[in-house]
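Summary of structural features
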Amino acid sequence: MIPIEVPVFHRATSIKLDVHNLYLTPPAHGLEFPVLERLSVAGFRFDMDELVQRCPHLRVLEVGSGGGLYKIKVHSPTIEELVVDYECWVNGIDIMAPVLKKFELRTSMGLDFSVSFYAPMVENLWWDVSCPKLNVGIDVWRLRDLTLWKEESGNTLWLFIDAPTVYAPVAQRNFSQEIASLPNFSVLQLCLVTRGHIFGPLVLSLLGICTVIHKLKVAIDNDKVIIYFGYLIYMHFKEIC
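About the cut-offs
Residues numbered from 1 in each chain as written. Predicted model: local features only at pLDDT ≥ 70, side-chain atom pairs only at ≥ 80, totals over all residues. Heavy atoms only, no water. Buried < 20%, exposed > 50% of the residue type's maximum accessible area, 1.4 Å probe, protein only. Helix = DSSP H or I, 4+ residues; strand = E, 2+ residues; numbered from the N terminus. Arc of directions from axis to C-beta. Salt bridge = Lys/Arg side-chain N within 4 Å of Asp/Glu carboxyl O. Contact = heavy atoms within 4.5 Å. Phe/Tyr/Trp six-rings, centres within 6.5 Å; stacked < 30°, edge-to-face > 60°. Polar contact = N/O pair within 3.5 Å; in protein donor to acceptor, adjacent residues only side chain to side chain. Core = buried A, V, L, I, M, F, W, Y, C linked by side-chain atoms within 4.5 Å. Domains from an automatic or database assignment.

In the annotation of an unreviewed UniProt entry, the protein is listed under the name FBD domain-containing protein and assigned to Aegilops tauschii subsp. strangulata.

What follows is the structure in structure tokens.
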């Protein structure tokens, strides 16, 4: 792709860019968008971090689908609202936004996916990340989707975990590594597709990782194992109490 420089709009407070099959670069010579407060971008390749750094008064950033984003990186002392609806995979999330209040994310994990998240003032949180490469898990279990959202009582984490019948690649990361980097949550919800596999050890392992949860909810594909599952949970909490 041939890089195309974005022109400087000195008086613009809001910009929407929706172009396709282009590689847009920030203005040359370190020029900034001095009064820009709202930015919406979609459809093209760009360096998110560099573009954000050129917007010293940015409050709202919206990112739509495009190509070649690679990483969602936003380090900004002013941004209050960040919405990312990016259908393609990314290799990581790196957010440092001390006054961020709203964060919505929809994307897919790349092979080298990692998370760094600092937003102590966030009030509105929705985090939906799929794992199409099935490279996160343990034994036969693989993560297919991860959703995190904020409620009045605290954050809730929902995991969709499958035991694929087709060949699954070697897990490059386990559940502990994936969960440790997430914002704190107090409710854990599991959706398990067992395909005949015993899932008790998996759930106990997740409980060992999520030690501060107050509520657990599990949906499984076979009601006959609920009694066995309930016994395992009872014994686990009996040991830690």
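For helix 3 (residues 200-209), the complete set of buried residues consists of G200, L202, V203, L206 and L207. Around the axis of helix 3, the buried residues are gathered within 165° of arc, so they sit on the same side.

A few words on the pattern of salt bridges. Under the criterion given, the structure shown has 11 salt bridges. Linking K102 and E81 is a salt bridge whose minimum nitrogen-to-oxygen distance equals 3.8 Å. A residue pair is termed long-range when its members are at least 10 positions apart, and K102 in strand 8 (residues 102-118) and E81 in strand 7 (residues 81-96) qualify at 21 residues. Overall, the relative accessible area of 24% leaves K102 in the partly exposed class. In this structure, E104 engages R106 in a salt bridge whose closest nitrogen and oxygen atoms are separated by 3.8 Å. Overlapping salt bridges bring together E81, K102, E104 and R106 as one network.

Turning next to the environment of E62. Within the secondary structure, E62 sits in strand 5 (residues 60-63). Exposure remark for E62: the relative accessible area of 29% places this residue in the partly exposed category. Residues E62 and E81, 19 residues apart in the sequence, show an inter-C-alpha distance of 8.2 Å. Residues within four places of E62 in sequence aside, it is in contact with R38, L39, S40, V41 and V83.

For the rest of this paragraph, the subject is the packing of aromatic side chains. Summed over the entire model, instances satisfying the criterion amount to five aromatic pairs. Look at F103 and W127: their rings are 5.7 Å apart centre to centre, the planes differ by 80°, and that puts the pair in the edge-to-face class. With a gap of 24 residues between them, F103 in strand 8 and W127 in strand 9 (residues 124-130) connect regions that are remote in the sequence. Overall, the relative accessible area of 1% leaves W127 in the buried class. Members of the aromatic cluster, connected to one another through ring pairs, are F103, F117 and W127.

Time to look at the environment of R54. Mapped onto the elements of the fold, R54 is located in the loop between helix 1 (48-53) and strand 5. A residue is classified by how much of its surface remains accessible, and R54, at 12% relative accessible area, is buried. A sequence separation of 28 residues divides R54 from P26, and the C-alpha atoms of the two residues are 7.6 Å apart. When residues no more than four places from it in sequence are discounted, the contact partners of R54 are P26, P27, G30, L31, E32 and F33. A polar contact is formed between the side chain of R54 and the side chain of E50, at a distance of 3.3 Å.

A few words on the nonpolar core. In this structure, I95, F103 and W127 are the most contacted members of the largest nonpolar core, which totals 65 residues. Both domains that meet at this core, namely domain 1 (1-130) and domain 2 (151-240), each give it at least three residues.

Moving on: the environment of M109. Examined against the element boundaries, M109 turns out to sit in strand 8. Note: C-alpha distance between M109 and D145 (36 residues apart in sequence) is 9.5 Å. Apart from residues lying up to four places away in sequence, M109 is in contact with W89, V90, V129, S130, C131, P132, K133, V136, L143, R173 and E178.

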